[in-house]
Amino acid sequence: MNLKKLIRKNILALEPYSTARDEFKGGDISVWLDANESPYPNGVNRYPDPHQRQLKQRLSSLFRIKKESIFLGGAGSDEAIDVTFRIFCEPGKDNAVAISPSYGVYKVAAAINDVLLKEVLLNDDFTLPVERILDTTDGSTKLIWICSPNNPTGNAFPKEDITRIAEAFDGIVVVDEAYGDFSEKGSMLAEIDAHPNVIVLRTFSKAWGMAGMRCGMAFAVPEIIEYFDRVKYPYNMSSIIQEELLRRIEEGTGNHIPEIVSERSRLAAEIHEAGCVEEIYPSDANFLLVKVTDADAVYDYLIGNGVIVRNRTRMPLCHNTLRITVGTPDENDRTINLLKNYGK
Ligand SMILES: *Cc1c(COP(=O)(O)O)cnc(C)c1O
């Protein structure tokens, strides 16, 4: 991989903003007059560590990856998506390729950055059209976006397919593993040294149960993460979040992955019986994509009964589908009963 050829020229030439805390090289300081902060302690009067060193140290052992391979986004992995476009894609000139249907933020982030996103329809059975993806790239394609497990289809793609794309493509392959913790299909995380053009996205929003925290991660070889550090906002994660995340990781606030995975099977088996349900697609995530007789009508019926799901009927290949998040057993019971009683 020729990384320098992939990075936008202005980003290559960029002199990153140097914070007061970057310029502090250590020493026995007891009076901090370098950052125009308030001197009066209230818990948050000091700027946070712009490099989130303590948190990255902890995540490094948690994910078994060197800390130089971690980027943290204080606006979730959505931030990592935007920063990726800003590092690699020359507005109005470069393009990116993504699968369709998939997570909507790639398209919005591409549009905001004035980057053409070429969408490649999945195969009818939602498998990855490896050759069509590769054929869609051209000399100006910098990024390929693969969401696995994919939202909204729920399936994870075989690692061999993703690896094949990474090996055949000269640019960057971003693998969004927001739902990776629910899948047994294997992560690309362990592959980034062998495939240095791969960036893996993870988030604390789903399996970790901290969507409100807004913390997402990008993992890549240190040579790529360096550019994330240049392009990100200097203080992109508040001290409150850095401390709270560390505290919760230490506390091990209970991940509910086994319950959610087992509820996913139960929910699928039960709603299979409902008259309005035509097909339940296999899921490696914490949601089910369900084909119903009339998605708009079933969606309104559920809302009328206090349950909201995501209507995906207007997405490609998803006509008459609803995306249903796996809830607590009680919540799932309610949804099951409602679906079984639809039209009765
Ligand atoms: C939910 C989700 C995210 C998470 O984004 P955050 O900004 O970290 O909350 C990322 N990618 C996909 C595919 C998702 O479904």
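As a starting point, this report considers the structure included with it. Worth saying up front: this structure is predicted, and the values here are computed from it rather than measured.

### Considering the site of the ligand
Taken together, 14 residues form the shell around the ligand, and within it Tyr179, Thr203, Ser205, Lys206 and Arg214 come nearest. Computed on the free molecule, the ligand has an accessible area of 390 Å², of which 94% lies beneath the protein chains in the complex. Per-class residue counts for the shell around the ligand are five nonpolar, five polar and four charged.

### Here we look at the packing of aromatic side chains
Centre-to-centre distance and the angle between the planes together describe a pair of aromatic rings. Per the counting criterion, the structure on display carries 12 aromatic pairs. Here the aromatic rings of Phe63 and Trp208 are separated by 6.4 Å at their centres, their planes lie at 40°, and the arrangement is tilted. Here Trp208 lies in the loop between β6 (198-203) and β7 (216-219) and Phe63 lies in the loop between α4 (53-62) and β1 (70-73), a separation of 145 residues in the sequence. The exposure class of Phe63 is buried, given its relative accessible area of 13%. Here Trp208 falls in the partly exposed class, since its relative accessible area comes to 27%.

### Quick word on the sheet that holds strand β3 (residues 116-121)
Strand order in the open sheet made by the seven strands is β1-β7-β6-β5-β4-β2-β3, with mixed pairing throughout. The strands lining the two open edges of the sheet, one partner per strand, are β1 and β3. Geometrically, the sheet is characterised by an average inter-axis angle of 20° between neighbouring strands, direction not taken into account. Inspection of the sheet shows strand β4 (residues 141-147) paired to strand β5 (residues 172-176) by five bridges, in the parallel sense. Counterpart to Cys147 in the pairing with β5 is Asp176. The sheet contacts of helix α5 (residues 77-88) involve β1, β2 (95-100), β3, β4, β5, β6 and β7, and relative to β4 the element is tilted by about 160°. This element, helix α9 (residues 222-231), spans β1, β5, β6 and β7 of the sheet and lies at about 30° to β1.

### So, the side chain of Arg21
Position of Arg21 relative to the elements: it lies in helix α3 (residues 20-23). Side chain to side chain, Arg21 and Asp34 meet in a polar contact 2.7 Å long. Within polar-contact distance, the side chain of Arg21 engages the side chain of Glu37 at 2.4 Å. The residues contacting Arg21, other than those within four sequence positions of it, are Trp32, Asp34, Ala35, Glu37, Arg46, Pro50 and Tyr235.

### Concerning the sheet that holds strand β10 (residues 310-311)
Here four strands make up an open sheet; going across it, the order is β8-β9-β11-β10 and the pairing antiparallel. Of all strands in the sheet, those with a lone pairing partner are β8 (277-280) and β10, marking the two edges. Both strand β9 (residues 287-292) and strand β11 (residues 321-325) contribute to a ladder of five bridges, which runs antiparallel. Paired with Lys291 across the two strands is Thr321, which belongs to β11. The strands touched by helix α12 (residues 295-304) are β9, β10 and β11; relative to β11, the strand with the most contacts, the crossing angle is about 35°.

### As for helix α11 (residues 257-271)
Over its 15 residues, α11 extends 21 Å from the first C-alpha to the last, a length consistent with the 21 Å expected when each residue adds 1.5 Å. Buried within α11 we find Ile257, Ile260, Glu263, Arg264, Leu267, Ala268 and Ile271. Buried residues of α11, seen end-on, are gathered within an arc of 135° and therefore sit on one face of the element. Those residues of α11 that are buried lie in contact with β8, β9, β11 and α13 (329-341).

### Some details on the pairing of β2
For β2, a buried count of six out of six residues is recorded, marking the element as mostly surrounded by other parts of the structure. Alternating positions in β2 separate into two faces, Asn95, Val97 and Ile99 on one and Ala96, Ala98 and Ser100 on the other, with burial throughout. Both β2 and β3 contribute to a ladder of six bridges, which runs parallel. Bridge pairing in β3 links Ile99 to Val120. In this region the chain leaves β2, passes through helix α6 (residues 105-112) and returns to the parallel neighbour β3; the handedness of that crossover is right-handed. Pairing between β2 and β4: four bridges, direction parallel. Note on β4: the bridge partner recorded for Ala96 is Leu143.

### With respect to the pattern of salt bridges
Within this structure, the stated rule accounts for 25 salt bridges. When the shortest N-O distance is used, the salt bridge between Glu68 and Lys67 registers 3.3 Å. For Glu68, a relative accessible area of 40% puts it in the partly exposed group. With a shortest N-O distance of 3.5 Å, Asp181 and Arg202 are connected by a salt bridge. Here Asp181, found in the loop between β5 and β6, pairs with Arg202, found in strand β6; they are 21 residues apart in sequence, far enough to count as distant. Look at Asp181 and you get partly exposed, because its relative accessible area is 24%. With a relative accessible area of 8%, Arg202 lands in the buried category. It is possible to trace a salt-bridge network through shared partners that takes in Arg21, Asp34, Glu37 and Arg46.

The rules behind the values
- Residues numbered from 1 in each chain as written.
- Predicted model: local features only at pLDDT ≥ 70, side-chain atom pairs only at ≥ 80, totals over all residues.
- Heavy atoms only, no water.
- Near = heavy atom within 4 Å.
- Areas by Shrake-Rupley, 256 points an atom, 1.4 Å probe, with all protein chains shown as cover.
- Nonpolar A, V, L, I, M, F, W, Y, C, P; charged D, E, K, R; others polar.
- Phe/Tyr/Trp six-rings, centres within 6.5 Å; stacked < 30°, edge-to-face > 60°.
- Helix = DSSP H or I, 4+ residues; strand = E, 2+ residues; numbered from the N terminus.
- Buried < 20%, exposed > 50% of the residue type's maximum accessible area, 1.4 Å probe, protein only.
- Pairing = 2+ DSSP bridges.
- Axes fitted to C-alpha atoms, helices over the stretch in contact; angles between N-to-C directions.
- Contact = heavy atoms within 4.5 Å.
- Polar contact = N/O pair within 3.5 Å; in protein donor to acceptor, adjacent residues only side chain to side chain.
- Expected span 1.5 Å × (residues − 1).
- Arc of directions from axis to C-beta.
- Right-handed = clockwise from strand over helix to strand, strands pointing away.
- Salt bridge = Lys/Arg side-chain N within 4 Å of Asp/Glu carboxyl O.

The values are spatial; any link to function lies outside them.
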